[in-house]
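In case you want the letters, here they are:
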Amino acid sequence: MTIAIQSVIAVSATEFRQFGCPHCGCQDGFTSFSIGGAAIWKCGSEDCGQICCILARGVTESPIGFGRDFCRPKLQPHPRRIRAGETRM
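Anyway, here's the lowdown on the structure attached to this text. (Residues numbered from 1 in each chain as written. Predicted model: local features only at pLDDT ≥ 70, side-chain atom pairs only at ≥ 80, totals over all residues. Heavy atoms only, no water.)

With that settled, the discussion passes to the pairing of strand 2 (residues 29-35). Relative to strand 3 (residues 38-43), strand 2 is paired through six bridges, and the arrangement is antiparallel. Looking across to strand 3, one finds that Ser34 is bridged to Ala39. The antiparallel pairing of strand 2 with strand 3 creates a hairpin that spans two residues between the two strands, and Gly36 there sits at a positive phi of about 55°. (Pairing = 2+ DSSP bridges. Helix = DSSP H or I, 4+ residues; strand = E, 2+ residues; numbered from the N terminus.)

Here's what the structure looks like:
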């Protein structure tokens, strides 16, 4: 059995506003594409530059596919919230 690993992190817009980039916490960046309650955001930090998927309230899976298999990221707790010791969603 193989387990698919999400290559792109998908977080809620609410948690994104609170914690910033899921990779580094930066608040600067830009949205390159959005559709159906999902936005692709690129971090503006020179040290990071990673992308993530930001999901609107009520959206639990991105309609945008990534990678060769067009994997659609699913909503997950913001990694920086977990590092801060918070566990409720």
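Quick look at unusual backbone geometry now. Excluding glycine, most residues fall at negative phi; most peptide bonds, likewise, are trans. Notably, Phe70 is not glycine yet its phi reads approximately 50°, a positive angle. Among the secondary structure elements, Phe70 is positioned in the loop between strand 4 (51-55) and helix 2 (79-83).

In this section: the sheet that holds strand 2. Read across the open sheet, the four strands follow the order 1-4-3-2; overall the sheet is mixed. Each edge of the open sheet carries a strand with a single partner, namely strand 1 (10-12) and strand 2. Ignoring which end each strand starts from, the neighbouring axes of this sheet average 30° apart. (Axes fitted to C-alpha atoms, helices over the stretch in contact; angles between N-to-C directions.)

To continue, consider the nonpolar core. One finds Ile9, Val11, Ala13, Phe16, Cys21, Cys26, Trp41, Cys43, Cys48, Cys52 and Ile54 forming the largest nonpolar core, which totals eleven residues. Counting only elements with at least two residues in this core, the list comes to helix 1 (13-19), strand 3 and strand 4. Among residues more than four places away in sequence, those in contact with Cys43 are Cys21, Cys24, Cys26, Asp28, Gly29, Cys48, Gly49 and Gln50. Grouped together as the second largest cluster of nonpolar side chains are nine residues, Ala38, Ile40, Cys53 and Phe66 included. (Core = buried A, V, L, I, M, F, W, Y, C linked by side-chain atoms within 4.5 Å. Buried < 20%, exposed > 50% of the residue type's maximum accessible area, 1.4 Å probe, protein only. Contact = heavy atoms within 4.5 Å.)

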